[in-house]
Every structure is written in C-alpha cells, then in structure tokens.
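Summary of structural features
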Amino acid sequence: MGEQAPTKASPKIPAPPEGKASAKKPGTAPKAPKAESHLGMVRRARRINRELAEVYPYAHPELDFRNPFELLVATVLSAQTTDLRVNQTTPALFAAYATPEDMAAADPEALEEIIRPTGFFRAKSKSLLGLSQALRDNFGGEVPGRIEDLVTLPGVGRKTANVVLGNAFGVPGITVDTHFGRLVRRWKWTEQEDPEKVEAEICAIFPKSEWTMLSHRVVFHGRRICHSRKPACGACPIAPLCPAYGEGETDPEKARKLLKYEKGGQPGQRLSPPPDYPGLPAPPLGATPAS
C-alpha cells in the first residue's frame, strides 16, 4: 500500500520544465478560440495526453481484481453503478464463486442476493451465469484474450472487452465509458456519440501503445476534476488546452472545493489500490468512510 495522502489535500500539479509553456497552471484561461485544423486538434490532443500523464502517473483501472475472470465479472457488474460499489460487493462474490465453473453452477437466487448492491441484479445475474457457462463450455474455463471471443460472451460488449484486454492481457484498447465519451467531445477530439465511432476516431489520433493508459487518464480526469455538471475549471491543469474552459467554476478557490477522490483528499474507489496510488483506500461495504 502506498503512502496515504492527507485529507483535503490540494491537487499535485507538477512544475513545467524550464522554458516550456505550461498547460498546468490551474485557472488559466485559454486564448480566444480560432478555427482549428485537424492536425492542430491532433497535436493539442496529444499534448493533453502528455499533460495528463504527468498529473496522473498512477492512473489505473478502478476495479479490484486479481485475474482476468475477476476483472471480467467486475466490469459486467459496473454497468449503471459506481466502481466503488462493485469493489465493495466482489469480495463476497469471489469468496463464494472463485472460478467460472463455480459461478456457472451457482444458484441464481443466491447469486442475485450477493450482487444486489450493484443494482439491476437480476439482469446482471443472468449475464454472469451465461458468461461463466460459456467460459466453462467453450473456452476451457479460461477468459479468452481476443476481442472476437470476448464479445460472444453474454453481457460483454466492446467496452467490457477492451477493459479486460487492456488490463488483464496487455492488449491496447480504448475504453469508451460515460466519462471518456463526454470529455473527448468536450475537448473537440470528436463529435461522435456512438461509442464504437468514438473509439475509432480516438484510436486514429493516438499511437496504439497509448490507448489503454489514455483511457485511464481521461477517466481519472473526468472523475476528479472535469465533472459533468460542474467541472472544476479553476483547478484544472489542462485549462489552456481546453476549448470548453469556463463551462465550470473558474475561481481557483471555489474550484478546489469541487475536486474528488485523492485530488480532494478523499478515499478512492478501490479497496485494494495499487502500491503507487497516492490516496486513501475505499472503505468496505457497510463501513463508515474516512472523514
């Protein structure tokens, strides 16, 4: 476990290299907008990715997992709920059903009761039983490492498949969740709404080696600073690169109060975060969160 961040800590914003124009000064308004070429957008997008890599060097998947099967199940459960609620639910789930064979033979009502806190538990239970049976019967009880195979499993689409491939198998992929989609549209990287079209357009902007970590960085930024309804523009380290600067709170002091998770000195979403995570681990289900 890494060193815990102090409560109510201000976001860490690294100093720019000498002589380099910084995109990290919170609350700095961008220059007046002008027509941007496609090449200009690509350069700006790659600059944002580099800046986010410095702000979130510890970016990671925010679901607790120890193997591909656990990540697959946790990702299916994460639909329409928070990663925190999934992480609080899966310890009991995997204690009862550690393998696809175990879960395939589960009593549906018992499975539903365990995953009830994640919501939509009947539909999710059906997906978990179906995918576990498919893994048992068609893949020798192992999670396949190809997207063509993963998307044949019940309840598994491209988003879930890319999460599993990128984080359990090291296969690069763009994960277009709600946060990722709204930020790349906010940053004018794409105007597409369909997740597969968003994925295709963003993949064309970045080298394949960046796809998985880009996904984590964008989602981290969306959860911590660039919120949907009230982004913390005044505390945003990439404000000068953002065409949507000013949609949220621009006063630095007020903006800092909007920061979440480790940027706001609060627990993260994982009960077992990676060793380099600078924030607090999340509390178990039913526990009182750290103040």
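The coordinates are above.
The notes below deal with the structure included here. Everything numeric here is computed off the predicted structure, so don't read it as measured data.

Now for the nonpolar core. The nonpolar side chains of a soluble globular protein tend to be buried, and buried together. By size, the foremost hydrophobic cluster in this structure holds 39 residues, and its most contacted members are Phe180, Trp187, Trp189 and Ile202. Within the residue set of this core, elements represented by two or more residues are helix 1 (38-55), helix 9 (178-186), helix 10 (195-205) and helix 11 (211-224). Considering every element that reaches this core, the biggest residue donor is helix 1, with six residues. Beyond its immediate stretch of four places on either side in the chain, Ile202 contacts Ile174, Phe180, Val184, Trp189, Thr190 and Leu214. Formed by 31 residues, the second largest nonpolar core is a distinct cluster that contains Leu63, Val86, Leu150 and Ala161.

Now for the layout of surface pockets. Of the pockets and cavities examined, the largest pocket occupies roughly 810 Å³. Lining the largest pocket are 35 residues; nearest its centre among them are Asp83, Asp177, His179, Val219 and Arg223. Going through the elements one at a time, helix 3 (83-96), helix 8 (158-168), helix 9 and helix 11 are the ones with two or more residues in the lining of the largest pocket. Residue contributions to the lining of the largest pocket peak at seven residues, all from helix 11.

One pass over the structure, following the stated rule, counts one cavity of 30 Å³ or more. In this structure, the largest cavity spans a volume of roughly 90 Å³. Taken together, 15 residues form the lining of the largest cavity, with Cys226, Pro231, Cys233, Cys236 and Cys242 sitting closest to its centre.

As a further point, take the environment of Glu101. Checked against the element boundaries, Glu101 lands in helix 4 (residues 100-104). Taking relative accessible area as the criterion, Glu101 reaches 36% and is therefore assigned partly exposed. With 36 residues separating them in the primary sequence, Glu101 and Asp137 have C-alpha atoms 9.2 Å apart. Those residues in contact with Glu101 that sit more than four places away from it in its chain are Arg136, Gly140 and Gly141.

Rules used throughout
Residues numbered from 1 in each chain as written. Predicted model: local features only at pLDDT ≥ 70, side-chain atom pairs only at ≥ 80, totals over all residues. Heavy atoms only, no water. Core = buried A, V, L, I, M, F, W, Y, C linked by side-chain atoms within 4.5 Å. Buried < 20%, exposed > 50% of the residue type's maximum accessible area, 1.4 Å probe, protein only. Helix = DSSP H or I, 4+ residues; strand = E, 2+ residues; numbered from the N terminus. Contact = heavy atoms within 4.5 Å. 1 Å grid on protein atoms, 1.4 Å probe; cavity = no way out; pocket = protein on both sides within 12 Å on 5 of 7 lines; lining within 4 Å. Points joined across faces, edges and corners; volume = space filled by probe spheres on them.

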